[in-house]
Every structure is written in C-alpha cells, then in structure tokens.
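An overview of the molecular structure
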Amino acid sequence: MRMRRWDFVAAYLQGELEQDEVVYCHAPPGYATPGADGRPRVCRIEKPVDGMAQAGRRWQRSLFLWLLDFGFTQCKSDPCVFTITKRVSGVEQRLTIGCYVDD
C-alpha cells in the first residue's frame, strides 16, 4: 500500500456558493469608497473566500461532487472517505481518498 498526502493551495476559492446564497462584506482597507449617501459601500461576494465561515464547507461540497461524478463511491460509515476500483493492465487497483477540510 502506498500513501500520499496533498494540500490544496487556495482551495476555498474553488468552491461555489449555494444557489440562492447572497453574502456581502466591507471592502478591504484601501479599497473602500463611499456611496452616494456618504456611507462605505459593501461588496457582494460571488465565490467563497478565505475567512468566510462557510468557505470550507462550500469547497468540500464541490470536491465531493467532483469525486462522485468521476466514479468514486462515498463510504457510508465515514462520508469523508471515497473509493474507486479500476482494472489496470489486468490487475484490479483500488484508490481510497480521505478528505479533511480545515481552516
């Protein structure tokens, strides 16, 4: 058995917000501009960004959908574990992936 580990750089930027989910935030320092009423404008977030409470979950959901579409089977006892079995050069090979998302 071989084991490998990957760390996805900027993974949170790969997620998608829920269909009707709308998130606003203040502009970063140096980018704030006042609106017509003199108050600072807010920005509508189109994709999850690092620091959002739900960003990790949104990326995890995107990853899980991709794995399922690719043919992986999700483990019933641990939904963060996926397996796929393929025949390669006449030998049955199994790939098991465990996913852990942290902030």
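Whatever comes next refers back to the structure up there.
Anyway, here's the lowdown on the structure attached to this text. The shown structure was predicted, so the numbers you read here are calculated from the model rather than taken from an experiment.

Secondary structure assignment for the protein yields one helix and five strands. Secondary structure elements in the protein, listed N-terminal to C-terminal, are β-β-α-β-β-β. Classification of the 103 residues of the protein by burial places 23% in the buried group. Within the structure as shown, the protein displays about 8700 Å² of accessible surface, and the carbon and sulfur contribution to it stands at 53%. Averaging the locations of the 14 positively and 13 negatively charged side chains of the protein gives two centres separated by 7 Å.

Applying the stated criterion across every chain yields a total of five salt bridges. The residue Glu18 makes a salt bridge to Arg58 at a minimum N-O spacing of 3.9 Å. Here Glu18, found in the segment before strand S1 (23-26), pairs with Arg58, found in helix H1 (residues 55-70); they are 40 residues apart in sequence, far enough to count as distant. Under the relative-accessibility criterion, Glu18 is labelled partly exposed at 37%. Its relative accessible area of 12% is what places Arg58 among the buried residues.

Now for the environment of Trp6. Structurally, the position occupied by Trp6 is in the segment before S1. On the accessibility criterion, Trp6 (65% relative accessible area) is exposed. Once the C-alpha coordinates of Trp6 and Cys99 are considered, the two residues, 93 residues apart in sequence, prove to be 9.8 Å apart.

Here the focus is H1. Spanning 16 residues, H1 covers 23 Å between terminal C-alpha atoms, matching the ideal 22 Å at 1.5 Å per step. Taken residue by residue, H1 has Ala55, Gly56, Arg58, Trp59, Gln60, Arg61, Leu63, Phe64 and Leu67 as its buried positions. In this structure, the buried side of H1 is in contact with strand S3 (73-74), strand S4 (81-88) and strand S5 (91-98). Where H1 ends, the next residue or the one after it, Gly71, has phi of about 115 degrees, a positive value.

Parameters at a glance
- Position numbers for residues start from 1 in each chain and track the written sequence from start to end.
- Where totals are concerned, whole chains, interfaces and linings use all residues; where local detail is concerned, this predicted model gives features only for residues with pLDDT of at least 70, and gives and counts side-chain atom pairs only at 80 or more.
- As a convention, hydrogens and water are excluded, and side-chain values are obtained from all of the structure's heavy atoms.
- Segments assigned H or I by DSSP are reported as helices when at least four residues long, segments assigned E as strands when at least two residues long, and all are numbered from the N terminus.
- Burial classification: accessible surface area is computed with a 1.4 Å probe over protein chains only, and a residue below 20% of its type maximum counts as buried, one above 50% as exposed, and the rest as partly exposed.
- Using a 1.4 Å probe, accessible areas were evaluated by the Shrake-Rupley method; residue-level cover was limited to the displayed protein chains.
- None of His or the chain ends enter the tally, which takes Lys and Arg as positive and Asp and Glu as negative.
- The atom standing in for a charge is NZ when the residue is Lys, CZ when it is Arg, CG when it is Asp and CD when it is Glu.
- The salt bridge criterion pairs a side-chain nitrogen of Lys or Arg with a carboxyl oxygen of Asp or Glu, the two atoms within 4 Å.
- Multiply 1.5 Å by the residue count of a helix minus one, and that product is the helix's expected span.
- Only heavy atoms matter for contacts: two residues are in contact if any of them lie within 4.5 Å across the pair.

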